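# Structural features, examined
The residues making up each chain are set out below.
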Amino acid sequence: MFESIRVGGQGTPAALVLGYFKGEGLDKRSREADRSGMAASATQRGEATGEAGRIAEVFPPKGGPGRILVVGLGEKSKFKASDLRGIAAAVGRRLASTKDASVEVELSGPLAATRADHAAAGSAFGEGLGLLGWVCDTFKGKATTAPTRAKLLVRGGDSAFRDGLERGLALAASANWARTLSETPPNVATPDWMAEQATKMARKAGLGVRVFRGKDLERERFIGLINVGKASENKPCMIRLEYTPDRPRRKGRPVVLIGKTMTYDSGGLSLKVNNGMVGMKRDKDGGCGVLGAMHAIATVIKPRVPVVALLASAENSISDEAYRPDDVLRYRNGVTVEITNTDAEGRLVLADAFCYACEVEKPAYIVELSTLTGGVVTALGSTYAGLFCDDDALRAKLDKASAASGERVWRLPMHPEYREMMKSPIADILNSNPNRKAHPIQGAAFLSYFVEEGVPWAHIDIAGVHAVEGDSGPFVKGPTGWGARLLANLLDAE
Ligand code: BES
Ligand code: MN
Ligand code: ZN
């Protein structure tokens, strides 16, 4: 929506943003920021309901800002810093339509009347604007006229709010990169291409990088990747990124982030039907979210603990070389898997990453993101991601990060009975129980066979939230970069 967004600018801004709470007028500090005195009366107008994001526009006389956007902040008693993400998006949509290129945001007055942290408020505002600003027009051609977009300058607030703005814009930039990767079509975004993008980012951001492909996969016995990726010309790989802190607080044990990175999911021989394939270029969005997080971790968050990312990347295709229902795979941790459905492929490649993480990385804990099941979309829609985590301490950390980023997670159960459901008559376990019960939980139960006892871990099924079907909050139709900001906030608290 914008060509770029930066913190800065001086002189009279094209637009000034002031805020007020529902049922209240403009506070003293906001009134002082408006020399025309016209903004105060705008809150009396009918359209000024005070609802969060509702805007009343004021046109002060010459010499002042071109327009003042008097924006509702919702109810004061319920106000949270993270509400500013949606409010900033509403303001941003208005600025994009008026093509204003500089804006001053003066919310110090109303913020001081709440317990909201000014840095968190600035960050949410920056995230809202930054996420709204995302555009991906790489795949437009000659038949489309490119719209003109403003280079937006933002300023305002106290120094904590301004620092927050910078942080929020940077987090949004990381999430936006994840969105651009997600948007890239599967004839371009192959596993090798994903590895190349990850490598370029890692070199620039100072992360370690290693890509396992071909013979490496055999050496590491990444049996899931080898089999799931067999049918495609676009060969599978495991991408490993590593962040090492300058001044480590805790030696050794890294936080491990795992992402399902299927560059296309046709279903394989258990082919998807009835248009179920459309959109499956986004089956890599777990990995995209993890890459976005690693970018934020390396460039903005810089936590004092090591972080390792593992992206299991393949294309689930069909050919005479495809893996098939009835095949049995033996994993590096000794567990054998009977394939009942080649469309339950995500868990097969993730199992490689979980085995490797536990055996080689010796993690403090593991968080894994995947577009794993259609069932989670049925259960939770696009409002919550499904969270599977039986470790109280890790869940508390994730809940905190989720509250900060606005990426909602809802806990779903894990119980030994679900593990029983996965037992196979011929091998140890099945990749999918054909009775079609509790699909999202089956996925988690399957993965549990590949996590070593004592390692805290979380599986987050993002199949419902990785993309939106229409404009919502700071998002436009398309990918949300889900998880990039959540995981960045998770590491920020370490
Ligand atoms: N990638 C899909 C899940 C998915 C569905 C993601 C819809 C995004 C939107 C996954 O690999 C899959 O095919 N899952 C199957 C599992 C089943 C065959 C056990 C599903 O959910 O139907
Ligand atoms: Mn599938
Ligand atoms: Zn899939």
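Residues numbered from 1 in each chain as written. Chains lettered and ligands numbered in written order. Predicted model: local features only at pLDDT ≥ 70, side-chain atom pairs only at ≥ 80, totals over all residues. Heavy atoms only, no water.

Moving on, we get to the environment of L181. Relative to the elements of secondary structure, L181 occurs in helix α6 (residues 159-183). Each C-alpha atom, one on L181 and one on P479, is 9.3 Å from the other, the two residues being 298 residues apart in sequence. Those residues in contact with L181, other than ones at most four positions away along the chain, are W193, M194, Q197, K284, C288 and L291. (Helix = DSSP H or I, 4+ residues; strand = E, 2+ residues; numbered from the N terminus. Contact = heavy atoms within 4.5 Å.)

A separate point is the coordination of the manganese ion (ligand 2). Of the protein atoms, only D265 (OD), D343 (O), D343 (OD) and E345 (OE) coordinate the manganese ion (ligand 2), at distances of 2.0 to 2.2 Å. Around the manganese ion (ligand 2) sit six donor atoms, and with donor-metal-donor angles ranging over 71 to 167° the site reads as irregular. The distance between the manganese ion (ligand 2) and the zinc ion (ligand 3) is 3.2 Å, with D265 acting as a donor to both metals. In this pair, D265 sits in strand β9 (residues 255-265) while E345 sits in the loop between β12 (336-338) and α11 (346-361), placing the two residues 80 residues apart along the sequence. (Donors = N, O, S within 2.8 Å, 3.2 Å for Na, K, Ca; no water. Tetrahedral: all angles 85-135°; square planar, octahedral: opposite > 155°, others 65-115°.)

Okay, the packing of aromatic side chains next. One pass over the structure, following the stated rule, counts nine aromatic pairs. Taking the centre distance of 5.5 Å and the plane angle of 75° together, the rings of F21 and F79 count as edge-to-face. Of this pair, F21 sits in the loop between β2 (15-20) and α1 (28-33) while F79 sits in the loop between β4 (67-72) and α3 (83-98), and the two are 58 residues apart along the sequence. For the residue pair F21 and F79, the accessibility class agrees, reading buried in each case. Through pairs of rings, three or more aromatic residues link up here, namely F212, F222 and Y356. Cation over ring: R419 sits above Y449, and NZ or CZ is 4.0 Å from the ring centre. (Phe/Tyr/Trp six-rings, centres within 6.5 Å; stacked < 30°, edge-to-face > 60°. Buried < 20%, exposed > 50% of the residue type's maximum accessible area, 1.4 Å probe, protein only. Lys NZ or Arg CZ within 6 Å of the ring centre and 35° of its normal.)

What follows covers the side chain of E338. In this structure, E338 sits in strand β12. Within the buried set, E338 has no salt-bridge partner at all; the shortest N-O distance to an opposite charge, 13 Å, is to R324. Residues in contact with E338, not counting those within four places in the same chain, are D327, V328, S424, P425, I426, A427, I429, L430 and N431. (Lys, Arg positive; Asp, Glu negative; His and termini not counted. Salt bridge = Lys/Arg side-chain N within 4 Å of Asp/Glu carboxyl O.)

Around ligand 1, the surrounding shell holds 16 residues, and the nearest of these are K272, D283, D343, E345 and G374. D283 is positioned with one of its side-chain polar atoms (N or O) 2.8 Å from a nitrogen atom of ligand 1. At a separation of 3.4 Å, a nitrogen atom of ligand 1 approaches a polar backbone atom of L372. In isolation ligand 1 exposes 510 Å². Once the protein is present, 85% of that is buried. (Near = heavy atom within 4 Å. Polar contact = N/O pair within 3.5 Å; in protein donor to acceptor, adjacent residues only side chain to side chain. Areas by Shrake-Rupley, 256 points an atom, 1.4 Å probe, with all protein chains shown as cover.)

This next bit is on the coordination of the zinc ion (ligand 3). Those donors, K260 (NZ), D265 (OD), D283 (OD) and E345 (OE), are the protein atoms that reach the zinc ion (ligand 3), and they lie 2.0 to 2.4 Å from it. Around the zinc ion (ligand 3), the six donor atoms are arranged such that angles at the metal cover 77 to 172°; this shape is classified as octahedral. Written as a sequence motif, the donor residues of the zinc ion (ligand 3) are K-x4-D-x17-D-x61-E. The class of K260 is buried, set by a relative accessible area of 2%. For D265, a relative accessible area of 3% corresponds to the buried category.

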